[in-house]
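# Architecture and fold: a report
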Amino acid sequence: MATTLSDIPKAFIKGIAHSRIALLGAMIVTFIAPFLIGAILYDLILHIENPYVAGAIYMILGPGFIGGLVLILLGLFFSKGQEDVKLFTLAYFRDKLADETGYEKIRKLVFLGVFLTGVNLFIVSLLAYSGYHYMESNAFCGEVCHVPMTPEYTAYQNSSHSRVHCVECHIGSGASWFVKSKISGVRQLYAVVADTFDRPIETPVHGLRPARDTCEQCHRPEKFLGDKLVIKDKFLPDEKNTHVKTVLLMKIGSAGDQAAKSHGIHWHVAPENEIIYKAADWQRTIIPEVSQRTEMGKLVTYRSPEADEQLAAATHLQERAMDCMDCHNRPSHVFLPADKAIDGMLLTRDIPNDLPFIKQQAMEIVTGKEFATQDEARTAIANGLTEFYKKNYAAIYANDRAKVDQAIAGVQTAYQQNVFPEMGVQWETYSSNIGHANGLGCFRCHNEEHEAPSGEVISMDCDTCHTILAEDEENPEILHTLLGE
Ligand code: HEC
Ligand code: HEC
Ligand code: HEC
Ligand code: HEC
Ligand code: HEC
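These notes cover the structure that comes with them. This is a predicted model, so every value here is computed, not measured.

## Points about the sheet that holds strand β7 (residues 466–473)
With respect to topology, three strands assemble into an open sheet ordered β1-β2-β7, the strand pairing being antiparallel. Because the sheet does not close on itself, it has two edges, and the strands there are β1 (228–235) and β7. For this sheet, the mean angle separating the axes of adjacent strands, direction not counted, is 10°. Taken together, the eight bridges between β1 and strand β2 (residues 243–250) define a ladder with antiparallel strand orientation. Note that in β2 the partner of Asp233 across the bridge is Lys245. Docked against the sheet, helix α12 (residues 338–347) engages β1 and β2, running at close to 95° with respect to β1.

Next comes the structure, spelled out in structure tokens:
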């Protein structure tokens, strides 16, 4: 039987009509294709803002379209014994290829196949291109999984990295981490759907990509040099909310390159000073043993006096090469402790700092008890402050009501940016390892107890990391000197 061009669409249609699977596939494809193409083009040109709409396109319509195509092909290819359909069946191909002139016969068929595949590939690659961008977007990471990601997404938006995409720290470039992230993404999606995710989300992230491939794409501690002036503003819990300052000269140092030898705080991340530590708990707060490979390649091991017991009692023993994240564990998800959150708002005057006792009252309410929801906290803040000023500062409450209301709004904001009771995040659930004010931080190792066989200890000398130029002073002399006054 000669195959003419007009036989092909006929056989195609009949083929589809005869195979239920192919018919189902064709219906799906026909139904989805116009919406899908329209939506992708709209997204590419005008950009879809709503993450749920984009999610519906890339996570439902897209896979649906591809699934439909697969059904058509399977249905056609494996339909047996249907004379009209034979053009597309496995048996037909086998026959024709076995026969000398066979190729000639199926050439047109191959041509149509290639044409249709071309069209489909175009749609699929558009889909892959914009779907990939969607999956890498902050909206997808931060908003689609709305409840579980609220704390991290909120803290992220308030951080200096709010323009760095989640994926630049969490995935980085390269195919293997992309695939890894998609596999763990499927697990996470399941946890969201089944509502089995942790509250709070566990930290540290044990599978986080090493900093070399993420942070160090943008920051180069080899190029850091010198010291940095750090001024910490605080407000005391007295009637005047006395504003005091701590001034530190932070020995940022350098990881060293041709121009500078490694020194100071970033000495730890110099390639020649590899530091490997053993942690006994999941959070890595108990560190019984620290080894340092020196420039000469010698290994020096510092151990805490209780190292043996701590290692034996370890709940999650792990060995880790120190990198940026061991100190900068909150580069982007910065959850402040209550006093710093309130101080920050007083400094920017989002909470009026001339309202008597506002620091003290705010702290009492937000740390007095743990609230079950943000709404409950908002109400308690509003009621507590209103009551206090009505009772103790009736004149202010009567004449300057706006100030009290502004204070209420400021304290509510400070709370809502850092505490997420619905996700199990209270004050200091996620503490920072930078410094030693909230949690042990540097003092996990720098406690003068970790001792090397030579008797040397990891230094806790207050001048190792910073010079304290003023501490909690109202009007530090040093700032006048620096300003040339
Ligand atoms: C500047 C780099 C950076 C960016 C950008 C970033 N993260 Fe993170 N994120 C981290 C680091 C580092 C940790 C792990 C802290 C640890 O292991 O101690 C982390 C931890 C997390 C955690 C675990 C819980 C926690 O707080 O430790 C979640 C969830 C998370 N990030 C989500 C996101 C989302 C969503 C975005 C984008 C909206 C994002 N991250 C953007 C660096 C980043
Ligand atoms: C895509 C580039 C990029 C990546 C990746 C990145 N950062 Fe940053 N980082 C920046 C930029 C830009 C700033 C400055 C922001 C500003 O000052 O407005 C910054 C600021 C900082 C600061 C100083 C300000 C602060 O918030 O304390 C630290 C510390 C820092 N980054 C650490 C890290 C760490 C640790 C990682 C890896 C987990 C990382 N960064 C990943 C771009 C990046
Ligand atoms: C031993 C702990 C430690 C390690 C490891 C570490 N840092 Fe830092 N880093 C600090 C401290 C402490 C500061 C100063 C914080 C402050 O301003 O109070 C700092 C400051 C910075 C700053 C801001 C510099 C400035 O001049 O404002 C950047 C950016 C930074 N680190 C990036 C990195 C990167 C990238 C890595 C990994 C390659 C890294 N750090 C490893 C402790 C560390
Ligand atoms: C995992 C253990 C560990 C942690 C955590 C750690 N360090 Fe260190 N650090 C060491 C070791 C080991 C040395 C080398 C011994 C020494 O000089 O006391 C060192 C040395 C230093 C030095 C002297 C570097 C030089 O010029 O010789 C500074 C400064 C320093 N650390 C700052 C910090 C700061 C700041 C933090 C917290 C943000 C911190 N370290 C956290 C292990 C640690
Ligand atoms: C291993 C390094 C290291 C050592 C040793 C160290 N500090 Fe610090 N300290 C830091 C870092 C880093 C910060 C800054 C934290 C930040 O930027 O929030 C800090 C911050 C401070 C602050 C300001 C806290 C605040 O938020 O107001 C004071 C005060 C301070 N240190 C006192 C001391 C004293 C006193 C000693 C000696 C017992 C000491 N430090 C030893 C690393 C160190």
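## Section: the site of ligand 2
Neighbouring ligand 2 are the residues Ser160, His161, Val164, Glu168, Cys169, Thr214, Cys215, Cys218, His219, Met325 and His328. Ser160 places a side-chain nitrogen or oxygen 2.5 Å from an oxygen atom of ligand 2. Residue classes in the shell around ligand 2 are distributed as five nonpolar, five polar and one charged.

## As for the site of ligand 4
Close to ligand 4 lie 22 residues, the nearest being His268, Cys442, Cys445, His446 and Ser459. At a separation of 2.8 Å, a nitrogen atom of ligand 4 approaches a polar side-chain atom of His268. Between ligand 4 and His446 there is a distance of 2.8 Å, counted from a nitrogen atom to a side-chain nitrogen or oxygen. Across the shell around ligand 4, the residue classes tally to twelve nonpolar, nine polar and one charged.

## Overview of the coordination of the iron atom of ligand 1
Only His170 (NE2) and His333 (NE2) from the protein coordinate the iron atom of ligand 1, and they sit 1.9 to 2.0 Å from it. Note that the iron atom of ligand 1 binds six donor atoms; their angles at the metal cover 87 to 180°, and the shape is octahedral. Here His170, found in helix α8 (residues 166–170), pairs with His333, found in the loop between α11 (324–327) and α12; they are 163 residues apart in sequence, far enough to count as distant.

## Describing helix α7 (residues 146–157)
Of all the positions in α7, only Pro148, Pro151, Glu152, Tyr153, Thr154, Ala155 and Tyr156 are classed as buried. Next to the buried residues of α7 lie α6 (138–144), α8, α9 (175–193) and α16 (401–418).

## Overview of the packing of aromatic side chains
For the structure shown, the criterion picks out twelve aromatic pairs. Here a set of aromatic residues connected by ring pairs shows up, and it is made of Tyr58, Tyr134 and Phe140.

Criteria and thresholds
- Residues numbered from 1 in each chain as written.
- Chains lettered and ligands numbered in written order.
- Predicted model: local features only at pLDDT ≥ 70, side-chain atom pairs only at ≥ 80, totals over all residues.
- Heavy atoms only, no water.
- Pairing = 2+ DSSP bridges.
- Helix = DSSP H or I, 4+ residues; strand = E, 2+ residues; numbered from the N terminus.
- Axes fitted to C-alpha atoms, helices over the stretch in contact; angles between N-to-C directions.
- Contact = heavy atoms within 4.5 Å.
- Near = heavy atom within 4 Å.
- Polar contact = N/O pair within 3.5 Å; in protein donor to acceptor, adjacent residues only side chain to side chain.
- Nonpolar A, V, L, I, M, F, W, Y, C, P; charged D, E, K, R; others polar.
- Donors = N, O, S within 2.8 Å, 3.2 Å for Na, K, Ca; no water.
- Tetrahedral: all angles 85-135°; square planar, octahedral: opposite > 155°, others 65-115°.
- Buried < 20%, exposed > 50% of the residue type's maximum accessible area, 1.4 Å probe, protein only.
- Phe/Tyr/Trp six-rings, centres within 6.5 Å; stacked < 30°, edge-to-face > 60°.

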